[in-house]
Amino acid sequence: MWALVVGAAVLGLALVWPRALHPLNLLLTRLSLWIGRFTNPVILGALYYLVFAPLGVLLRLVGQDSLKLRRDPGAGSYWLRRQPPGPPPPSMAQQF
């Protein structure tokens, strides 16, 4: 209930005298940048070390090569044939 009262007061102030909220806007922007400077590396680091790195190790252990990066000396080309072959070249002549 208290949040509704505070929200209504801020909304009323914004409608009547928006310039009064400018210092609060600057303060909250600086606070959010400061919080983001610390939480972003922590969250991304946890995501990398708890999800992506173990998944990569597991895929290497089972021998899966999802991106087909292994070198094949006997391959004539690394291009993949597309079936169906795609749109006809004249359809890309006037894109804009």
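Treat the numbers as computed from the prediction; the structure is a model and nothing was measured.

1. Details of the overall build of the protein chain
Right, so step 1: When helices and strands are counted, the protein chain shows two helices and zero strands.
Right, so step 2: For the protein chain, whose C-alpha radius of gyration is 28 Å, the value lies well above the compact-globule estimate of 12 Å for 96 residues.
Right, so step 3: In terms of its C-alpha atoms, the protein chain occupies a principal-axis envelope of roughly 75 × 45 × 25 Å.
Right, so step 4: Counting across all 96 residues of the protein chain, residues that qualify as buried make up 1%.
Right, so step 5: Accessible area of the protein chain: about 9,500 Å², with a carbon and sulfur share of 70%.

2. Some words on helix α2 (residues 22-62)
Right, so step 1: With 41 residues, α2 extends 57 Å from end C-alpha to end C-alpha; this agrees with the ideal 60 Å at 1.5 Å per step.
Right, so step 2: At Tyr48, α2 shows its maximal bend, which comes to roughly 35 degrees.
Right, so step 3: Of the residues trailing α2, Gly63 is marked for its positive phi of about 80 degrees.

3. Digging into the packing of aromatic side chains
Right, so step 1: Tallied over the entire structure, the rule returns two aromatic pairs.
Right, so step 2: With centroids separated by 5.2 Å and ring planes inclined at 70 degrees, the aromatic side chains of Trp34 and Phe38 adopt a geometry described as edge-to-face. Within this pair, Trp34 and its partner Phe38 are both found in helix α2, separated by four residues, close to a single helical turn.
Right, so step 3: Measuring from centroid to centroid gives 4.9 Å for Tyr48 and Tyr49, while their planes differ by 85 degrees, and the two rings are edge-to-face.
Right, so step 4: Judged by its relative accessible area of 60%, Tyr49 falls in the exposed class.

4. A word on a nonpolar patch on the surface
Right, so step 1: Taken together, Leu24, Leu27, Leu28, Leu31, Trp34, Ile35 and Phe38 make up a surface patch of nonpolar side chains, about 710 Å² in accessible area.
Right, so step 2: Residue classification places Phe38 among the partly exposed positions, given a relative accessible area of 49%.

Rules and cut-offs
- Residues numbered from 1 in each chain as written.
- Predicted model: local features only at pLDDT ≥ 70, side-chain atom pairs only at ≥ 80, totals over all residues.
- Heavy atoms only, no water.
- Helix = DSSP H or I, 4+ residues; strand = E, 2+ residues; numbered from the N terminus.
- Rg over C-alpha atoms; globule rule 2.2 N^0.38 Å.
- Buried < 20%, exposed > 50% of the residue type's maximum accessible area, 1.4 Å probe, protein only.
- Areas by Shrake-Rupley, 256 points an atom, 1.4 Å probe, with all protein chains shown as cover.
- Expected span 1.5 Å × (residues − 1).
- Bend = angle between axes of the 7 residues up to and from the residue.
- Phe/Tyr/Trp six-rings, centres within 6.5 Å; stacked < 30°, edge-to-face > 60°.
- Patch = residues over 30% accessible without salt bridge, like charges linked within 9 Å, V, L, I, M, F, W, Y side chains within 5 Å.
- Salt bridge = Lys/Arg side-chain N within 4 Å of Asp/Glu carboxyl O.

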